[in-house]
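Spelled out, the chains give:
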Amino acid sequence: MTYNDACLTINLSALIDNWRICAAQAPNVQTAAVIKADAYGLGLTSVTPSLVKVGCECFFVALVEEGKQVRYLAPDSAIYVMNGLFPGLSDTLTHYNLRPCLGSLEEIHEWVNFCRMRDIRPPVALHIDSGMNRLGLSSYDVRTLAGDHDLLNALNITLIMSHLACASMPSHPMNEKQLRCFNELRALLPTAPASLANTAGIWLGPPYHFDVIRPGIGLYGGNPNPERPSPFKTVVTLEAPIIKIRTISAGESVGYDANYTAQSDRRIAIISTGYADGYPYALGAGHSPATARAADIDVPIIGRISMDMLALDITDTPPDSLKRGDCVELFGNQISLERLATAAKTTSYEILTRIGKRYDHCYI
């Protein structure tokens, strides 16, 4: 670590173990990997080769540009673009051998017209809307497509997929409702491999596994079901250095808006990270339960989160246990990702994907 730089440590061995944990839950199906948003903020260029080496042969991204990056890193893998076919990008998709997840009749017609002009049938996925009401073919669309044999026969369908809305809540009735809908609609289409389960969906059991499972957040150490202990290893640890230690007296405030006032003499540490680095501004609201880990104890965050700094109350640490330049853990093995996300009233997905580029990235 360079002096005064925060460090994001990414344990690629733990990430690989998490992929294997997912695979072990569905041993008879293909385990893919969702690596959109720069592998959830952890870096496509390091995450993708690690997964390729362990045997992952199928990847899901959101955007064509992400798919282009992954193609260079995984030249022999199947790469699905989940956000579908953007107008005018059929040529780019075929050039990089990327498979669009077609989710509307409009997209299907554009793709088929493009392919007919070139006399090609590249692989695609069909995305069915089973109840989330974001992307995907509606029930009407599926039935229309099923009745148009010329259109259907022009497609080389290598995957039929949908996405669960409530998999993180195993008892939610939406899960079974979507499963029934997915089964009913895919039965109208030609036989092809199917995929429904994200990370949380994998733990719903074999009826949700089909032919391909698509773990995302679990690969990076996030717990898909906060109501139960996480089955995954910690992948990401964020540490940042102390840039100043000072003592304040009772009645003095800390930070912008003076929203924290000391009730007694306190010892505080100023840490070199802030919301410009992706650390949630909401944690400095004055009533957040957020803590960091310093000198082997939890210490509270106090005052507003600044653009480049935050403050910790280190009064309860031994007097000589911390000094300028020492690092504190903001999340990782001691402060879990879910714990931080809960304190910020957000999700582990947002925490990871907003991690700033100013951190040193240390890959283990």
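Turning our attention to the layout of surface pockets. Of the volumes computed, that of the largest pocket is approximately 800 Å³. Lining the largest pocket are 42 residues; nearest its centre among them are Tyr-40, His-163, Asn-198, Ile-217 and Tyr-349. Residue assignment for the lining of the largest pocket shows that the elements contributing at least two residues are helix H2 (36-40), helix H10 (199-202), helix H11 (337-343) and helix H12 (348-353). When the residues that make up the lining of the largest pocket are grouped by side-chain class, the tally is 20 nonpolar, 16 polar and six charged. Approximately 210 Å³ is the volume attributed to the second largest pocket. Broken down by secondary-structure element, the contributors of at least two residues to the lining of the second largest pocket are strand S11 (236-248), strand S12 (253-254), strand S14 (266-271) and strand S17 (310-313). Considering only residue class, the lining of the second largest pocket consists of eight nonpolar, four polar and two charged.

Once that is clear, we can look at the packing of helix H1 (residues 12-25) against helix H3 (residues 44-54). Put simply, H1 and H3 touch, their axes get as near as 10 Å, and they point 50° apart. Classed by the angle they form, the pair H1 and H3 counts as oblique. The crossing of H1 and H3 is right-handed. Along the contact surface, H1 presents Leu-12, Leu-15, Ile-16, Trp-19 and Arg-20, while H3 presents Ser-46, Val-47, Ser-50, Leu-51 and Val-54. Its residues placed into classes, the contact of H1 with H3 shows seven nonpolar, two polar and one charged.

About the criteria used
For every chain, the first residue of its written sequence is number 1, and the numbers climb from 1 along that sequence. It should be noted that, the model being predicted, local features are given only for residues of pLDDT at least 70 and side-chain atom pairs only at 80 or more, the latter also being counted only at that level, while totals for whole chains, interfaces and linings use all residues. Values shown for side chains rest on all heavy atoms present in the structure; no hydrogens or waters enter the calculation. With a 1 Å grid laid over protein atoms only, a set of points is called a cavity when a 1.4 Å probe fits there but cannot get out and a pocket when it is open yet has protein on both sides within 12 Å along at least five of seven lines; lining residues have an atom within 4 Å of a point. Grid points are joined across faces, edges and corners, and a volume is the space filled by probe spheres set on the points. Only DSSP runs of H or I with at least four residues qualify as helices, and only runs of E with at least two residues qualify as strands; both kinds are numbered from the N terminus onward. Three classes are used, and their members are as follows: Ala, Val, Leu, Ile, Met, Phe, Trp, Tyr, Cys and Pro are nonpolar, Asp, Glu, Lys and Arg are charged, and the others, Gly among them, are polar. Comment: axis = line fitted to C-alpha atoms, over the contacting stretch for helices; angle = value between 0 and 180 degrees taken between N-to-C directions. Angles are sorted into four bins: roughly parallel if under 35 degrees, roughly antiparallel if over 145, roughly perpendicular if 65 to 115, and oblique for all others. Crossing handedness is defined as follows: a turn of the near helix away from the far one that is anticlockwise and smaller than a right angle gives a left-handed crossing, while the clockwise case is right-handed. Contact criterion: two residues are considered in contact whenever any of their non-hydrogen atoms come within 4.5 Å of each other.

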